[in-house]
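Listed below are the residues making up each chain.
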Amino acid sequence: MIDVMADEQAGLSAARTGPRSYVARNARGGEVRVGSSQDEGAFTPGELLALALATCTLMSAEWPLSRRLGEDFAATATVTTRKDAQANRYVAAAVELALDTSGLTGTQREELSRVLERAAASACTVGRTLEAGLPHRMSIGHQPDAP
């Protein structure tokens, strides 16, 4: 039996603001512009998916990183994707973490890599979801005609 938690994503929405242009919002007041790759200042849905993987990976590594590099460590997560244009889906993604590990020995760097890989594999919800596959569905709520 699968233990399903309450819907943590309640309050997420995307409202159309123009042709292929949307504003996505959460219940905490966050907003992000979503649009096509030609829409200046907007993220595409695919970019948001890739960024979700990158930031989730980095957030999953936060504790071991702060323990080894200090609370004020600098880090950047860069993600690349490979798309099968014919199938219209992503077939691979890779996240690279850029960290200043100059204060660590070679052995400490190797250990840090192992720890970060374990942390991401066990704690990154986005990565774990992509690995498992995410069943999804769509429903349509018809609104009555306006008077």
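In the block above lies the structure referred to throughout.
1. Some thoughts on the overall build of the chain
Stage number 1. Scanning the chain from terminus to terminus reveals four helices and five strands.
Stage number 2. Going residue by residue from the N terminus, the α and β elements of the chain occur as β-β-β-α-α-β-β-α-α.
Stage number 3. Taken over the C-alpha trace, the chain has a radius of gyration of 19 Å; the compact-globule value for 147 residues is 15 Å, which it surpasses by more than 25%.
Stage number 4. Taking the principal axes of the C-alpha coordinates as reference, the chain spans close to 70 × 45 × 35 Å.
Stage number 5. Out of the 147 residues belonging to the chain, those deemed buried represent 22%.
Stage number 6. Sequence separation of 24 or more characterises 32% of the internal contacts of the chain that already satisfy a separation of 6 or more.
Stage number 7. A total accessible area of about 11,600 Å² is found for the chain, and carbon and sulfur atoms account for 52% of it.

2. Regarding the nonpolar core
Stage number 1. By size, the foremost hydrophobic cluster in this structure holds seven residues: L58, A61, L65, F73, L104, L112 and L116.
Stage number 2. What L65 contacts, discounting residues up to four positions off in sequence, is L58, G70, F73, L99, L112 and L116.

3. Points about the packing of helix α2 (residues 62–69) against helix α3 (residues 106–123)
Stage number 1. Two elements in contact, α2 and α3, have axes whose closest approach is 9 Å; the angle formed by their N-to-C orientations is 160 degrees. As judged from the angle between their axes, α2 and α3 are roughly antiparallel. Contacts between α2 and α3 involve P64, L65 and R68 from the former and L112, V115, L116 and A119 from the latter.
Stage number 2. For the contact of α2 with α3, a count of residues per class yields six nonpolar, no polar and one charged.

4. Quick word on the packing of helix α1 (residues 45–60) against helix α4 (residues 125–132)
Stage number 1. The N-to-C vectors of α1 and α4 enclose an angle of 125 degrees; their axes lie 7 Å apart at closest approach. Of the possible angle classes, the one that applies to α1 and α4 is oblique. Across the interface between the two elements, L49, A52, L53 and C56 from α1 touch T125, V126, G127 and L130 from α4.
Stage number 2. Broken down by class, the residue content of the contact of α1 with α4 amounts to six nonpolar, two polar and no charged.

5. Points about the pairing of strand β2 (residues 21–25)
Stage number 1. In this sheet, β2 lies alongside strand β1 (residues 13–18) in antiparallel orientation, the contact comprising five bridges. For R16, the partnering residue across the bridge sits in β2 and is Y22.
Stage number 2. Between β1 and β2, which pair antiparallel and follow one another directly, the connecting turn spans two residues, one of which, R20, has a positive phi of 50 degrees.
Stage number 3. Here β2 pairs with strand β3 (residues 31–35) via five bridges, running antiparallel. What sits directly across from S21, in β3, is G35.
Stage number 4. Count of turn residues in the β2/β3 antiparallel hairpin: five residues, of which G29 carries a positive phi of about 95 degrees.

6. Notes on the sheet that holds β2
Stage number 1. Here three strands make up an open sheet; going across it, the order is β1-β2-β3 and the pairing antiparallel. Looking at the sheet topology across the chains shown, the edges are occupied by β1 and β3. On average, each strand axis in the sheet is tilted by 30 degrees relative to the strand beside it, whichever way the strands run.

Quick notes on the rules
- Within each chain, residues carry numbers counting from 1 in the order of the written sequence.
- Predicted model: local features are reported for residues with pLDDT of at least 70 only, side-chain atom pairs are reported and counted for 80 or more only, and whole-chain, interface and lining totals are derived from all residues.
- Side-chain descriptors were evaluated using all non-hydrogen atoms of the structure, hydrogens and water having been removed beforehand.
- Counting from the N terminus, the helices are the DSSP runs of H or I reaching at least four residues and the strands are the DSSP runs of E reaching at least two.
- Here the radius of gyration uses the C-alpha set of atoms, whereas the globule reference equals 2.2 Å times the residue count to the power 0.38.
- Three exposure classes are used, based on accessible area relative to the maximum for each residue type with a 1.4 Å probe and protein chains only: buried under 20%, partly exposed in between, and exposed over 50%.
- Here, two residues are considered to be in contact whenever any of their heavy atoms come within 4.5 Å of each other.
- In short, Shrake-Rupley with a 1.4 Å probe defines the accessible areas, and a residue's cover is counted only from the protein chains shown.
- Side-chain atoms within 4.5 Å link the members of a nonpolar core, which is a set of buried Ala, Val, Leu, Ile, Met, Phe, Trp, Tyr and Cys residues.
- Here an axis means a line fitted to C-alpha atoms, over the contact stretch when the element is a helix, while the angle between two N-to-C directions is reported on a 0 to 180 degree scale.
- Oblique is the label for any angle not covered by the other classes, which are roughly parallel (under 35 degrees), roughly antiparallel (over 145) and roughly perpendicular (65 to 115).
- Three classes are used: nonpolar for Ala, Val, Leu, Ile, Met, Phe, Trp, Tyr, Cys and Pro, charged for Asp, Glu, Lys and Arg, and polar for all others, with Gly counted as polar.
- Paired strands are those between which DSSP finds at least two bridges.

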